[in-house]
Amino acid sequence: MIRPRKVFAQHWLKSEKALDAIIKAAECREGDRILEIGPGTGILTRRLLALVQSLLAVEIDRDLCQLLAKQLGKRENFLLLQGDFLTLDLPSQLVAFPNFQNQNKVVANIPYNITGPIIEKLLGTIANPNPEPFESIVLLVQKEVAERLYAQAGSKAFGALSVRVQYLAECELICTVPAAAFHPPPKVDSAVVRLRPRTIEIPAVDPRRFENLVKLGFAAKRKMLRNNLQSAVERDRLTQLLEQLKINPQARAEDLSVQQWVTLANELGVKSEE
Ligand code: SAH
């Protein structure tokens, strides 16, 4: 087995149970075109290749790429690109490979040190959502991050990240995965999550204002929302707005649903432009 490198956050998944859960969550069909980030030694890659039309893998580690190319390079439905997923411009890399363009699903045990940026690249941002959204994105991530991704309003883990990601995608927990499922075990437990990109019912009129408001609202977590937003909104105006939106004036940031956050930001904008 190739020795895992710390710089690339390499932890090889060795648990069959976790692999089964990931595969099941991906709901693979014959026509699927999968994108995998960080195939590593290819344990998940091999499973997926047997089930789908094509698989595009992006791996940063040159040595691993050589190994993967040797072992899986002959398979017609497999394409491996060596590079940093975050900076690689996939469309231009894929011009010569029409069979590997427009992947419809992502399945990956990703490097945890770049979880946030990976999710942002896959979903896009609130101001610029990915114009060709994936059908589903199944990821193995740090458990603590997973909890924030699928947290519901009113729960402790619900924060700015939950609002930002859930604005763009439905998030669900598939299962937790203990640190012992990896070699070497990471310091934290993990979880499999599934993201399904969607368009929110009432979108933010001004995405940047919406993002700023959320950031400000969650800045000091246990405080009441109306105190956190003091610098941005006049107190009376906020009280009146909360009343209008049927939100408890004592509410904290984590009590508002994603849609309530959007409505609040939209309403604030309308009024101040009058
Ligand atoms: N999927 C494998 C490996 C997971 S470890 C398994 O389940 O066993 C994370 C993998 O991501 C490693 O192979 C690491 O080399 C790769 N990686 C780290 N940073 C990357 C980046 N920026 N772009 C692409 N791959 C990256």
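Source: prediction; values computed, not measured.

Cut-offs and rules
- Residues numbered from 1 in each chain as written.
- Predicted model: local features only at pLDDT ≥ 70, side-chain atom pairs only at ≥ 80, totals over all residues.
- Heavy atoms only, no water.
- Helix = DSSP H or I, 4+ residues; strand = E, 2+ residues; numbered from the N terminus.
- Buried < 20%, exposed > 50% of the residue type's maximum accessible area, 1.4 Å probe, protein only.
- Areas by Shrake-Rupley, 256 points an atom, 1.4 Å probe, with all protein chains shown as cover.
- Lys, Arg positive; Asp, Glu negative; His and termini not counted.
- Charge placed at Lys NZ, Arg CZ, Asp CG, Glu CD.
- Pairing = 2+ DSSP bridges.
- Axes fitted to C-alpha atoms, helices over the stretch in contact; angles between N-to-C directions.
- Contact = heavy atoms within 4.5 Å.
- Domains from an automatic or database assignment.
- Buried area = accessible area lost by both parts, 1.4 Å probe.
- Patch = residues over 30% accessible without salt bridge, like charges linked within 9 Å, V, L, I, M, F, W, Y side chains within 5 Å.
- Salt bridge = Lys/Arg side-chain N within 4 Å of Asp/Glu carboxyl O.
- Phe/Tyr/Trp six-rings, centres within 6.5 Å; stacked < 30°, edge-to-face > 60°.
- Right-handed = clockwise from strand over helix to strand, strands pointing away.

(A) Structural context of the overall build of the protein. Broken down by element type, the protein carries 11 helices and nine strands. Dimensions of the protein along its principal axes, counting C-alpha atoms only, are 65 × 40 × 30 Å. Each of the 274 residues in the protein was classed as buried or not, and the buried ones make up 46%. If you sum the accessible surface of the protein, you get close to 14,200 Å²; carbon and sulfur atoms cover 50% of it. Taking the 36 positively charged and 31 negatively charged side chains of the protein as two groups, their mean positions are separated by 6 Å.

(B) Representation of the sheet that holds strand β5 (residues 105-109) in the model. Taken in spatial order, the seven strands make up an open sheet running β4-β3-β2-β5-β6-β9-β7, and their pairing is mixed. The open sheet has two edge strands, β4 (78-82) and β7 (169-177), and neither has a second partner. Sheet twist, expressed as the mean angle between neighbouring strand axes with direction ignored, is 20 degrees. As paired elements, strand β2 (residues 33-37) and β5 share two bridges and run parallel to each other. The residue of β5 that forms the bridge with isoleucine 34 is lysine 105. Across the sheet, helix α3 (residues 62-72) lies against β3 (54-59) and β4, angled at about 165 degrees from β4, the strand it touches most.

(C) The domain arrangement of the protein, seen in detail. Taken domain by domain, the protein holds domain 1 (6-197) and domain 2 (207-273). Between domain 1 and domain 2, the contact holds 14 residues from the first and 14 residues from the second. Here domain 1 packs against domain 2, burying approximately 1,100 Å² in sum over the two surfaces, 74% of which is carbon and sulfur. If you sort the residues of domain 1 by the area they bury against domain 2, Ile126, Phe158 and Val163 come out on top, with a joint share of 40%.

(D) Layout of a positive patch on the surface. There is a patch of like positive charges on the surface, built from Lys156, Lys221, Arg222 and Arg252. Within the secondary structure, lysine 156 sits in the loop between α6 (143-150) and α7 (160-168). When its relative accessible area of 80% is taken as the criterion, lysine 156 is described as exposed.

(E) Region of interest: the packing of aromatic side chains. Counted by the stated rule, this structure contains three aromatic pairs. With centroids separated by 5.2 Å and ring planes inclined at 40 degrees, the aromatic side chains of tyrosine 167 and phenylalanine 210 adopt a geometry described as tilted. In this pair, tyrosine 167 sits in helix α7 while phenylalanine 210 sits in helix α8 (residues 207-217), placing the two residues 43 residues apart along the sequence. Exposure remark for phenylalanine 210: the relative accessible area of 1% places this residue in the buried category. With a centroid separation of 5.4 Å and an interplanar angle of 35 degrees, the aromatic rings of phenylalanine 218 and tryptophan 261 are classed as tilted. Taken together, the positions of phenylalanine 218 in the loop between α8 and α9 (225-228) and tryptophan 261 in helix α11 (residues 258-273) put the pair 43 residues apart, joining distant regions of the chain.

(F) Inspection of the pairing of β2 at higher detail. Within β2, four of the five residues are buried, which leaves it mostly tucked inside the rest of the structure. In this fold, β2 hands off to helix α2 (residues 43-49), which returns the chain to β3; that crossover is right-handed.

(G) Up close: the pairing of strand β6 (residues 136-142). Judged by how many residues are buried, β6 sits mostly within the fold: six of seven residues are covered. In this structure, β5 lies alongside β6, joined through five bridges in parallel fashion. Residue pairing across strands places asparagine 109 opposite leucine 140, the latter belonging to β6. Read as a crossover between parallel neighbours, the route from β5 over helix α5 (residues 115-123) to β6 is right-handed. With six bridges connecting them, β6 and strand β9 (residues 190-197) associate as antiparallel partners. The residue bridging leucine 140 from the neighbouring strand is valine 192, located in β9.

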